[in-house]
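Report on the structure
Below are the chains, spelled out letter by letter.
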Amino acid sequence: MKTSPYPISTSILADFGTLQPETVALSPGIIQRSVQASRQTEAQGNGWGNYLTLLALAGFRQWLAERACDLSVNDRCGLLISPNRVGEGICTIEVQGNPLGPFKVGVLAIEGWLEDTIELPWEVIEQPDYAAQFYVLVLVQEEQGWVTVHSFLSADRLRQTIQLSSGICPISLEQFEPDPEQFLLYLQCLNPATVPLPVVRRSQTTLSGYTVYPLSTLCATIEESSLLHQGRQSLINTAHWLRDELDQVGRDLAWVLLPTLTPAMPSPMLSSVEELEAIVTELSRTGTPIPPQARGAYQDFQWADLWLRLYAMVWPLPIASEIPEWSLLLILGTPSGGAFPKGVRLQVSDPAQVLLERTLRPDHPDTYLYARVSGIWEETFVVTIAVENGATLTLPPFAFQME
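Residues numbered from 1 in each chain as written. Predicted model: local features only at pLDDT ≥ 70, side-chain atom pairs only at ≥ 80, totals over all residues. Heavy atoms only, no water.

**With respect to the overall build of the protein**
Counting its secondary structure elements, the protein contains nine helices and 20 strands. Of all 403 residues assigned to the protein, the portion counted as buried reaches 53%. Residue pairs in contact within the protein that sit at least 24 positions apart in sequence constitute 69% of those at least 6 positions apart. Carbon and sulfur atoms make up 52% of the accessible area of the protein, which amounts to about 18,200 Å² in all. (Helix = DSSP H or I, 4+ residues; strand = E, 2+ residues; numbered from the N terminus. Buried < 20%, exposed > 50% of the residue type's maximum accessible area, 1.4 Å probe, protein only. Contact = heavy atoms within 4.5 Å. Areas by Shrake-Rupley, 256 points an atom, 1.4 Å probe, with all protein chains shown as cover.)

Have a look at this one:
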């Protein structure tokens, strides 16, 4: 791991630890709004590349909201810099929340998998109107609806490693830091003056071969009506399940509501309902009874080369005080009910801390991970799934909001 070149207390770094690249799931609503926004740029001939770049921006915004509630994206003065050919571009934005001042960040979209180098126009590095203090690589898997914050590079380190003149500058991916957590730490704690922006305009102020779009116009289409843009996260309101319905976020994320369960015995071939009934029966036998009024739903997804199924069950707890409570049971397995992938972790957090973390031991016969948490109706719980290589996927928070 490369050492940090900036003067931040090592005790703070120790508290944060080391985190691998992280993935967030975009809702179909965000994807559709990105489609609509990219249509405003189709006359330029790079609608697909702009769509991917806007997805990267939406994913970065969501990742930032989930990981650092004190930071926010200001795109009112931001730009989408798009090549006049088919390909991904860059969004320059301002990240606010650091008490010492905002940072200018360039969000670089990469479709699918990384190559050995990426290319940037020299103006995005040296012209004050377009340059950033940090450049962050964001991988977009459009088919799956996943966005991964992969790595970052500071502008001063970038300028030390390339020869700037004009035209296109190839940048080796080895220069990027594969540590999103350290990037968050810089955005929160580093003095922006430590990474100065260029101040001298060169004679050429336009981007040859590129089209520049103000994000204030495009992102009005993407985010103005979004909960994320209002500083709130989209919630899966599980209280709707008790009324035999999914909320809009649940529908957008393709959750499947299950009927009321009855005790069941395991059988070789199980439907999703029968599978959950068998799991609930086994949990009841081992000391985790599930009340008959509990309702469940599940989501299948492919991520990090794995097929996974997440069941969730919710129910209100018996009223023991004036403050009502609810319970959330999570069951992570595979759609086939087969062997559970090695090294997968299930983590549940509230807004302040990690509450539970479950990992299946190699010698354990179970094929599922279980986690149960409880809280008052106003509490929300965030579920994170991690795989052995360090990649993580954070789902929208689970809530129980009775209306």
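**A look at the packing of aromatic side chains**
Under the definition given, this model contains 16 aromatic pairs. Measuring from centroid to centroid gives 5.5 Å for W326 and F381, while their planes differ by 45°, and the two rings are tilted. In this pair, W326 is assigned in strand β14 (residues 325-333) and F381 in the loop between β17 (369-376) and β18 (382-386), connecting sequence segments 55 residues apart. Members of the aromatic cluster, joined through ring pairs, are F60, W63, F103, F134, F152, F183 and Y186. (Phe/Tyr/Trp six-rings, centres within 6.5 Å; stacked < 30°, edge-to-face > 60°.)

**Here we look at the nonpolar core**
One recurring pattern in soluble globular proteins: nonpolar side chains tend to sit buried together. Judged by nonpolar contacts, the single largest core of 69 residues is most densely connected at F60, V105 and Y135. No other element matches the 10 residues that helix α3 (residues 47-67) contributes to this core. If near-sequence neighbours (up to four positions away) are discounted, Y135 is found in contact with I90, G106, L108, L120, V124, I125, S151, F152, L153, A155, L158 and F176. The next biggest cluster of nonpolar side chains, apart from the first, holds 38 residues, and it includes W255, L330, I385 and F400. (Core = buried A, V, L, I, M, F, W, Y, C linked by side-chain atoms within 4.5 Å.)

**Considerations on the sheet that holds strand β2 (residues 72-83)**
Pairing is mixed in the open sheet, where 11 strands are placed in the order β9-β2-β3-β4-β6-β7-β1-β19-β18-β15-β16. Of all the strands in the sheet, the pair left with one neighbour each is β9 (210-214) and β16 (354-359). Pairs of neighbouring strands in the sheet enclose a mean axial angle of 25°, with direction left out of account. Strand direction decides the pairing type here: β18 and strand β19 (residues 392-394), joined by three bridges, are antiparallel. Residue A386 lies in a different strand from β19, and its bridge partner there is T392. Sheet strands touched by helix α6 (residues 180-189): β1 (22-25), β3 (90-96), β4 (103-111), β6 (134-141) and β7 (146-154). Its angle to β7, the strand with the most contacts, is close to 65°. (Pairing = 2+ DSSP bridges. Axes fitted to C-alpha atoms, helices over the stretch in contact; angles between N-to-C directions.)

**Some points on the pattern of salt bridges**
In the structure shown here, the tally under the stated rule is six salt bridges. For E177, the salt bridge goes to R157, with nearest N and O atoms at 2.3 Å. With a gap of 20 residues between them, E177 in the loop between β8 (168-172) and α6 and R157 in helix α5 (residues 155-161) connect regions that are remote in the sequence. The burial state of E177 is the same as that of R157; both residues are buried. For R345, the salt bridge goes to E357, with nearest N and O atoms at 3.1 Å. One end of the pair, R345, is in strand β15 (residues 345-349); the other, E357, is in strand β16, with 12 residues separating them in the sequence. (Salt bridge = Lys/Arg side-chain N within 4 Å of Asp/Glu carboxyl O.)

**Observations concerning the packing of α3 against α6**
At a minimum axis separation of 12 Å, α3 and α6 run at an interaxial angle of 75°. Regarding the angle of α3 to α6, the classification is roughly perpendicular. Here F60, W63, L64 and R67 of α3 come into contact with α6, specifically with P180, E181, F183, L184 and L187. Looking at the contact of α3 with α6 residue by residue, the classes come out as seven nonpolar, no polar and two charged. (Parallel < 35°, antiparallel > 145°, perpendicular 65-115°, else oblique. Nonpolar A, V, L, I, M, F, W, Y, C, P; charged D, E, K, R; others polar.)

**Describing the environment of L79**
Along the polypeptide, L79 turns up in strand β2. Owing to a relative accessible area of 16%, L79 belongs among the buried residues under this scheme. A C-alpha to C-alpha distance of 10.0 Å links L79 and T211, two positions 132 residues apart in sequence. Not counting the four nearest positions on each side in its chain, L79 is found in contact with I90, C91, T92, D129, Y130, V212, Y213, P214 and L215.

**Here we look at the pairing of β6**
β6 sits mainly inside the fold: seven of its eight residues count as buried. Judged from the seven bridges that link them, β4 and β6 form a sheet pairing that is parallel. Looking at the pairing, V105 lines up with F134 of β6. Where β6 and β7 come together, eight bridges link them in antiparallel fashion. Bridging across to β7, L139 finds its partner in T148. If you look at the hairpin formed by β6 and β7, you'll find four residues sitting between the two strands, and G145 has a positive phi there, around 75°.

**Observations regarding α6**
Counting buried positions along α6 gives nine out of 10 residues, so the element sits mostly inside the fold. Turning to α6, its buried residues are P180, E181, Q182, F183, L184, L185, Y186, L187 and Q188.

**Let's talk about the environment of D244**
One can find D244 in the loop between β10 (236-237) and α8 (248-252). The class for D244 is exposed, based on a relative accessible area of 52%. Here the side chain of D244 touches R295 through a polar contact of 2.2 Å, side chain to side chain. (Polar contact = N/O pair within 3.5 Å; in protein donor to acceptor, adjacent residues only side chain to side chain.)

**Things to note about the confidence of the model for the protein**
For the protein, per-residue confidence averages 79 on the pLDDT scale, and 79% of positions sit at 70 or higher. Confidence drops under pLDDT 50 across residues 223-233; counting only partners more than four residues distant or on other chains, this segment forms 25 contacts. Across residues 263-270, confidence stays below pLDDT 50; counting only partners more than four residues off in sequence or on other chains, it has nine contacts. (pLDDT = per-residue confidence, 0-100.)

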